Amino acid sequence: MPGYATNMRMKFPIIALALEIITIILFAVFVTYDDGKSHGHDSHGNETHHNEAKPLDLYPMFQDVHVMIFIGFGFLMTFLKRYGFSSVGFNLLLAAFGLQWGLLTQGLWHLEDGKIKVTIFKIINADFSTATVLISFGAVLGKTSPVQLLIMTVLEISLFSINEHLVATVLKANDVGASMIIHAFGAYFGLAVARVLYRPGLKDGHDNDGSVYHSDMFAMIGTVFLWMFWPSFNSAIADPGLTQLTAVINTYLSLAACVLSAYAISSLVEHKGKLDMVHIQNATLAGGVAVGTCADMDIGPYGAMLIGFVAGIISTVGFKYLTPILASNLGIQDTCGVHNLHGMPGILGGLAGIVAVALGKKEGGNAAMQAAALASSLGFALVGGAITGFIMKLPFWGQPPDQNCFDDSIYWEVPEEEEEEHEQSLAHADHLKNKAEV
């Protein structure tokens, strides 16, 4: 067992402040306000050119995406019974730094007069870039230090920006809701990191790697916020007008159909037909992920519903059967099950996009380029995630020892009454277990 230096008093402040100071210097050199003279917007899915009369037209969409990033993702990960501070707190830390870094790394591809001109469109895309990190964070939740997570943020968003430029500008593929370049990329990047950071000591589980009643309730807050605002996520950067309306409607219907299939399959695979809260918290969102690539395509309302219906099924089945297989056979300890919510539905979305474009549902689309975009996203994610994992594995980043995983108290000041309640709950659980065995 390697030695663990988990004291963050020097290393975390130094790295966090250094990253922010470097970012401020880069902003001083490259970033300025939009002056209204831009020839168009750099796109995240397509090269769209909005030429908007009003600079704040997209602000409502930005607000929705912002809520998803900071409340939706943050609370979705609070299901762990002893890791709520870290789930919401580290989510805020990574998103706050990630949006700054994403604004830079994406903007450098679209300099105007040597400057990155900040628009609402660009800050929406910066929020999108942070989503990849938050998805990957879910795969390693409870097993990493804040320093490791900041290192992952720098590397992942840098690679994301390269892949996004390749997909949108070079391949000219359509991925308006980012099934491929955010969801699939973030999931498989995180899984590659998790594989490299594999902990043999956790192969039989951990006492804190689970939920209690109130932690699952907090996680449902994240689910509901994400579910409500996902139509904005998938339509924010679509061409304005009827195309954007199509993206909203397709996402709206896909999410609704997904809920029914997720509930049904959860009841089908669980003991005595009971619902599993893990499935409800996550698989009900898979429709929003899977419809992303073809959200703005003319796939018909029934087509969007069909995609969501299938996504709910594969996500729920993945949580029930595939996650244990990945952990036991491949050594991939996926804490939040991002493979089931973002990975497989992201691939489904990419495949649906290929089929939709091949059927002529997107004017000017190219099915081969869609396939290349999916392959590029998966390739960058797996290779980049593995390299990032090896960097994060270096012994001086303050990672927690196995016995302190999934526990806030190693990096946070936790109220004493919480500690006492924790000890009492463990004693009560042991008592109930012994009573049941008798």
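Preceding block: the structure.
Model, not experiment: these values are computed from the prediction.

Scoring rules and cut-offs
- Counting of residues starts from 1 at the beginning of each chain's written sequence and follows it residue by residue.
- Since the coordinates come from a predicted model, pLDDT governs what is reported: local features require at least 70, and pairs of side-chain atoms require 80 or more to be given and counted, while whole-chain, interface and lining totals use all residues.
- No hydrogens and no water enter the side-chain calculation; it runs on all heavy atoms of the structure.
- Between N-to-C directions, angles cover 0 to 180 degrees, with each direction set by a line fitted to C-alpha atoms, over the stretch in contact for helices.
- By definition, any uninterrupted DSSP run of H or I lasting at least four residues is a helix, any uninterrupted run of E lasting at least two residues is a strand, and each is numbered from the N terminus.
- The cut-offs work like this: below 35 degrees is roughly parallel, past 145 is roughly antiparallel, 65 to 115 is roughly perpendicular, and the gaps in between are oblique.
- Helix crossings fall into two classes, left-handed where the near helix is turned counterclockwise from the far one by less than a right angle and right-handed where it is turned clockwise.
- A contact between two residues is defined here by any heavy atoms of the two lying within 4.5 Å.
- Classification convention: Asp, Glu, Lys, Arg as charged; Ala, Val, Leu, Ile, Met, Phe, Trp, Tyr, Cys, Pro as nonpolar; all other residues, Gly among them, as polar.
- Nine residue types can take part in a nonpolar core, namely buried Ala, Val, Leu, Ile, Met, Phe, Trp, Tyr and Cys, and a core is a set of them joined through side-chain atoms within 4.5 Å.
- Throughout, exposure labels follow a simple rule: accessible area from a 1.4 Å probe, protein chains only, divided by the maximum for the residue type, with under 20% read as buried, over 50% as exposed, and the rest as partly exposed.
- Pairs were defined over the aromatic rings of Phe, Tyr and Trp, the Trp ring being its six-membered one, requiring ring centres within 6.5 Å. Orientation was assigned from the angle between planes: stacked under 30 degrees, edge-to-face over 60, tilted for the rest.

(A) Region of the structure containing the packing of helix H2 (residues 59–76) against helix H7 (residues 213–235). The geometry of H2 relative to H7 is characterised by a closest axis approach of 8 Å and an angle of 150° between their N-to-C directions. Our classification of the angle between H2 and H7 gives roughly antiparallel. For the element pair H2 and H7, the recorded crossing hand is left-handed. Residue-level contacts link Met61, Asp64, Val65, Val67, Met68, Ile71, Gly72, Phe73, Phe75 and Leu76 of H2 to Phe218, Ala219, Ile221, Gly222, Thr223, Phe225, Leu226, Phe229, Trp230, Ser232, Phe233 and Ser235 of H7. Taken together, the residues of the contact of H2 with H7 break down into 16 nonpolar, five polar and one charged.

(B) Main features of the environment of His206. The topology assignment puts His206 in the loop between helix H6 (179–196) and H7. Remark: the alpha-carbon pair of His206 and Asn404, spanning 198 residues in sequence, is separated by 9.5 Å.

(C) Up close: the environment of Leu330. Looking at the element boundaries, Leu330 is found in the loop between helix H11 (301–329) and helix H12 (338–358). The spatial distance from the C-alpha of Leu330 to the C-alpha of Arg195 is 7.9 Å, given a sequence separation of 135 residues. When neighbours within four sequence positions are excluded, Leu330 is seen to be in contact with Arg195 and Ile325.

(D) How the structure looks around the nonpolar core. One finds Ile124, Phe128, Leu141, Ile182, Trp230 and Ile299 to be the most contacted residues of the largest nonpolar core, which totals 100 residues. Those residues in contact with Trp230 that lie beyond four places of it in its chain are Met68, His183, Thr251, Leu255, Leu285, Gly288 and Val289.

(E) Representation of the packing of aromatic side chains. One pass over the full model with this rule turns up 11 aromatic pairs. A ring pair is formed by Phe97 and Trp101, whose centres lie 6.1 Å apart and whose planes are at 20°; its orientation type is stacked. Highlighted residues: Phe97 and Trp101, both in helix H3 (residues 84–107), separated by four residues, approximately one helical turn. What makes Phe97 buried here is its relative accessible area of 5%. Ring centres of Phe396 and Trp397 lie 4.7 Å apart, and the angle between their planes is 65°; this geometry places the pair in the edge-to-face category. Judged by relative accessible area, Phe396 falls into the partly exposed class, the value being 45%. Its relative accessible area of 13% is what places Trp397 among the buried residues. What links up through ring pairs into an aromatic cluster is the set Phe85, Phe90 and Trp412.

(F) Unusual backbone geometry, seen in detail. The phi angle at Asp113 is positive, at roughly 55°, despite the residue not being glycine. Structurally, Asp113 can be placed in the loop between H3 and strand S2 (116–118).

(G) Geometry of the side chain of Asn91. Its location among the elements puts Asn91 in helix H3. A relative accessible area of 0% means that Asn91 is categorised as buried. With near-sequence residues (within four places) excluded, Asn91 lies in contact with Ile69, Phe70, Phe73, Gly74, Met77, Ser86, Leu134 and Phe137.

(H) Region of the structure containing the environment of Ile120. Structurally, Ile120 is set in helix H4 (residues 120–139). In sequence terms Ile120 and Pro60 are 60 residues apart; their C-alpha atoms lie 9.9 Å from each other. Other than its neighbours up to four places away in sequence, Ile120 contacts Pro55, Leu56, Leu58, Tyr59 and Phe62.

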